[in-house]
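Structure assessment
Listed below, chain by chain, are the residues.
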Amino acid sequence: MHRILVVNSSTRQGRFSDGVAGWAVQRLKERGDFLVDLLDLRDHPLPLFDGAPPAYHPREYADENVARLARRIDAADGYVVLVAEYNHGYTAALKNALDHTFAEWQRKPVTFIGWGNVGGARAIEQLREVAVEFEMAPLRHAVHILPDVMRAARDRGGQADETLLAPLEPRLELLANDLAWWTDALASARTREDH
């Protein structure tokens, strides 16, 4: 089984992402073909990146907090990034975490679950371009949580629950099937390369 890291990239107080994270992790675990780990960027406070580019100095970390985050990223075979769209872009916390790392993400697939006015589509498109720079394989299929679900969640206390997210399960299944194929293909290729 391959390790999938679900990255909760929102660090805001009262964030919408907790319900989404619980739903995504549970559904991915239920498949039985992934080892699923949740990475919450709140648990990894990092200084604002101001060092030498990690692409030129792989796995040289500014401090233990960065090293701890990098080890979690490195251990995964693929990623599902939970993307809150802020001002037509992705979160500063995610940008900073990406800037502190590089080699840890390489040659692995990444896909996205986003939310916002257009289901996080603008932030996800930006991240697909960033993923290419990281030599990742950004996948086509994503889950987009639209404002109607977010409004209903706010009416229920702020978090999306299983009932609100249930209509999105076919999209999540498509995302997971795609992720399984690419994770297997790229893990095999990385294994051949290591020998």
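Moving on to the packing of aromatic side chains. One pass over the structure, following the stated rule, counts four aromatic pairs. Taken together, a centroid distance of 4.7 Å and an interplanar angle of 50 degrees make the contact between Tyr79 and Trp105 tilted. In this pair, Tyr79 is assigned in strand E3 (residues 78-84) and Trp105 in the loop between helix H3 (92-99) and strand E4 (109-115), connecting sequence segments 26 residues apart. Exposure remark for Tyr79: the relative accessible area of 0% places this residue in the buried category. Residue class for Trp105 comes out buried when judged on its relative accessible area of 3%. Residues Trp181 and Trp182 carry aromatic rings whose centres are separated by 5.1 Å and whose planes lie at 75 degrees to one another, so their mutual orientation is edge-to-face.

Turning to empty space enclosed by the protein, a few remarks are in order. A complete count under the given rule lists two cavities of 30 Å³ or more for this structure. Approximately 90 Å³ is the volume attributed to the largest cavity. Every residue lining the largest cavity is listed: Val81, Leu94, Leu98, Trp105, Val110, Phe112, Leu127, Val130, Ala131 and Met136. For the lining of the largest cavity, the secondary-structure elements that each account for two or more residues are H3, E4 and helix H4 (121-133).

Another aspect to go through is helix H5 (residues 147-155). For H5, every residue scored as buried is listed here: Val149, Met150 and Ala153. Buried positions in H5, seen along its axis, are confined to an arc of 100 degrees and lie on one side of it. Facing away from the buried surface of H5 by more than 90 degrees, the exposed residues are Arg154 and Asp155. In this structure, the buried side of H5 is in contact with E4, strand E6 (143-145) and helix H6 (162-165). Positive phi appears at Gly157, one or two residues downstream of H5, with a value of about 110 degrees.

Here the focus is the layout of surface pockets. When its volume is computed, the largest pocket comes out at roughly 350 Å³. Looking at the lining of the largest pocket, its residues break down into six nonpolar, seven polar and six charged.

Criteria and cut-off values
- Residues numbered from 1 in each chain as written.
- Predicted model: local features only at pLDDT ≥ 70, side-chain atom pairs only at ≥ 80, totals over all residues.
- Heavy atoms only, no water.
- Phe/Tyr/Trp six-rings, centres within 6.5 Å; stacked < 30°, edge-to-face > 60°.
- Helix = DSSP H or I, 4+ residues; strand = E, 2+ residues; numbered from the N terminus.
- Buried < 20%, exposed > 50% of the residue type's maximum accessible area, 1.4 Å probe, protein only.
- 1 Å grid on protein atoms, 1.4 Å probe; cavity = no way out; pocket = protein on both sides within 12 Å on 5 of 7 lines; lining within 4 Å.
- Points joined across faces, edges and corners; volume = space filled by probe spheres on them.
- Arc of directions from axis to C-beta.
- Contact = heavy atoms within 4.5 Å.
- Nonpolar A, V, L, I, M, F, W, Y, C, P; charged D, E, K, R; others polar.

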